[in-house]
Amino acid sequence: MFEKIKYLFRKYALLGGNVYCNICERKYLTFLPSGDELKAHSKCPGCSSIDRHRQLYSLTTAFIKEKRSKINLLHIAPQHALATRYIKMPLVNYTAIDKFEKGYKYPHYVKQMDIGNLQFDENSFDLLICSHVLEHVIDDTLALQNFMRVLKPGGVGFLVVPYFSNLTKTYEDLNANSAETRLLLYGQHDHVRKYGCDFINKLSAIGWVAEMIDFSKFYSETECIKLGYLNAEPIFKVTKPNN
Ligand SMILES: [Zn+2]
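Please read all numbers here as calculations on a predicted model, not as lab measurements.

About the cut-offs
- Residues numbered from 1 in each chain as written.
- Predicted model: local features only at pLDDT ≥ 70, side-chain atom pairs only at ≥ 80, totals over all residues.
- Heavy atoms only, no water.
- 1 Å grid on protein atoms, 1.4 Å probe; cavity = no way out; pocket = protein on both sides within 12 Å on 5 of 7 lines; lining within 4 Å.
- Points joined across faces, edges and corners; volume = space filled by probe spheres on them.
- Donors = N, O, S within 2.8 Å, 3.2 Å for Na, K, Ca; no water.
- Tetrahedral: all angles 85-135°; square planar, octahedral: opposite > 155°, others 65-115°.
- Helix = DSSP H or I, 4+ residues; strand = E, 2+ residues; numbered from the N terminus.
- Buried < 20%, exposed > 50% of the residue type's maximum accessible area, 1.4 Å probe, protein only.
- Axes fitted to C-alpha atoms, helices over the stretch in contact; angles between N-to-C directions.
- Parallel < 35°, antiparallel > 145°, perpendicular 65-115°, else oblique.
- Left-handed = near helix turned anticlockwise from the far one by under 90°.
- Contact = heavy atoms within 4.5 Å.
- Nonpolar A, V, L, I, M, F, W, Y, C, P; charged D, E, K, R; others polar.
- Pairing = 2+ DSSP bridges.
- Right-handed = clockwise from strand over helix to strand, strands pointing away.
- Core = buried A, V, L, I, M, F, W, Y, C linked by side-chain atoms within 4.5 Å.
- Salt bridge = Lys/Arg side-chain N within 4 Å of Asp/Glu carboxyl O.

A.B. asks: Hey, could you run me through empty space enclosed by the protein in this one?
C.D. replies: Left-over empty space is what a probe sized like a water molecule reveals as it rolls over the atoms. The full count for this structure, using the stated rule, is 1 cavity of 30 Å³ or more. By volume, the largest cavity amounts to about 50 Å³. The wall of the largest cavity is formed by I138, E172, D173, L174, A176, R182, Y186, V192 and R193.

Listed below in structure tokens is the structure:
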């Protein structure tokens, strides 16, 4: 109850400033800190989206508008703020999946499925979103191959992973099986690697046409402050070749 009151106070007390959330389409006085490390100017007071959600929304809505016809969207481990928008879009057939973990509640629109065993026909989807999932998956190559299989030729995926530009090579130690060791090595107890600059090569080797999108190159600092893109993470756009 207290949390709900706090949320409503925050949402309405901060309305009406100069920063803009493209997901809930409202202006606020400021974005809020988010995450364990309290990244400043990140979380929307209204829809609770963070930087990468707003960036993904910007990219995916541009894709949907460009298509101008009904598309099939596969959203992996969906972010609620995004899911609720896609579900309402007349041009989107929305499918959300997640690997259900004990102790968590999942919204009614999410089906239980593992990205290591995607139970969809070949060439089923036009658009795929997978944000902060692959770093939890031991066989990420298999998952990426599965994404390729279920996307239609010309279909596009937007992928986000914890990306360390100071690492030339992705770091993983397959012997690191305990939560303590993983926390020490990767900064989170349930991560299995830290992605480095070779991630894009991995995507290309699987057969994707891959591109790294860095929002800080397309938006001025003023725009990044306004849209809450200050803590921009790179987003990888992958396209399934037509042949
Ligand atoms: Zn919002």
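And the narrative resumes.
A.B. asks: I keep staring at the coordination of the zinc ion and nothing clicks. Help me out?
C.D. replies: For a metal with four tetrahedral donors the ideal donor-metal-donor angle is 109.5 degrees, while six octahedral donors give ideal angles of 90 or 180 degrees. All of the protein donors around the zinc ion are C21 (SG), C24 (SG), C44 (SG) and C47 (SG); their distances to the metal are 2.3 Å. Angles of 103 to 122° at the metal separate the 4 donor atoms of the zinc ion, which places the site in the tetrahedral class. All donors to the zinc ion come from one chain, and their sequence spacing reads C-x2-C-x19-C-x2-C. Here C21, found in strand β1 (residues 15–21), pairs with C47, found in the loop between β4 (39–43) and α2 (51–67); they are 26 residues apart in sequence, far enough to count as distant. Here C21 falls in the buried class, since its relative accessible area comes to 0%.

A.B. asks: Quick question: what am I supposed to make of the packing of α2 against helix α3 (residues 80–87) here?
C.D. replies: Helix packing for two helices is described by the angle between their axes and how far apart those axes are. At a minimum axis distance of 10 Å, the contact between α2 and α3 shows a crossing angle of 20°. Between α2 and α3, the crossing angle belongs to the class labelled roughly parallel. Of the two possible hands of crossing, α2 and α3 adopt the one that is right-handed. Of α3, the residues touching α2 (which contributes H53, L56, Y57, T60 and I64) are L82, R85 and Y86. Looking at the contact of α2 with α3 residue by residue, the class counts come to 5 nonpolar, 2 polar and 1 charged.

A.B. asks: Is there a simple way to explain the pairing of strand β9 (residues 151–160) in this structure?
C.D. replies: Walk down a regular strand and you will see the side chains alternate between the two sheet faces. Among the 10 residues in β9, 7 count as buried, and that is most of the element. Alignment of strand β8 (residues 125–131) against β9, held across 6 bridges, turns out to be parallel. From the neighbouring strand, I129 faces β9, where its bridge partner is F158. In terms of handedness, the path from β8 via helix α4 (residues 140–150) over to β9 forms a crossover that is right-handed. Here 4 bridges tie β9 to strand β11 (residues 235–239), and the two strands are oriented antiparallel to one another. Each residue of the ladder has a partner; that of V156, found in β11, is T239.

A.B. asks: What's the story with the nonpolar core in this structure? I'm lost.
C.D. replies: Note that soluble globular proteins tend to have their nonpolar side chains buried in a common cluster. If you look at the biggest cluster of nonpolar residues, it comprises 36 residues, and the most contacted ones within it are I64, L73, Y86, V92, Y94, L127 and F158. Sorting the residues of this core by element identifies β1, α2, β5 (71–76), α3, β6 (92–98), β8, β9 and α8 (221–227) as the ones contributing at least two each. Here this core takes 5 residues from α2, the largest share from any one element. Excluding residues within four positions of it along the chain, V92 makes contact with I64, K70, I71, L73 and Y86.

A.B. asks: Which parts of the structure should I look at to understand the pattern of salt bridges?
C.D. replies: Any two side chains of opposite charge can pair, given that their charged atoms come close. For the coordinates displayed, the defined rule picks out 7 salt bridges. Between R85 and E25 there is a salt bridge, with its nearest N and O atoms 3.8 Å apart. On the criterion of sequence distance, the pair formed by R85 in helix α3 and E25 in the loop between β1 and β2 (26–28) is long-range, its members being 60 residues apart. Looking at E25, the relative accessible area reads 48%, which means it is partly exposed. D140 is paired through a salt bridge with K202; the nearest N and O atoms lie 3.2 Å apart. In this pair, D140 sits in helix α4 while K202 sits in helix α6 (residues 199–206), placing the two residues 62 residues apart along the sequence. A relative accessible area of 4% places D140 in the buried class. Here the salt bridges share partners, and the residues they tie into one network are D140, E172, R193 and K202.

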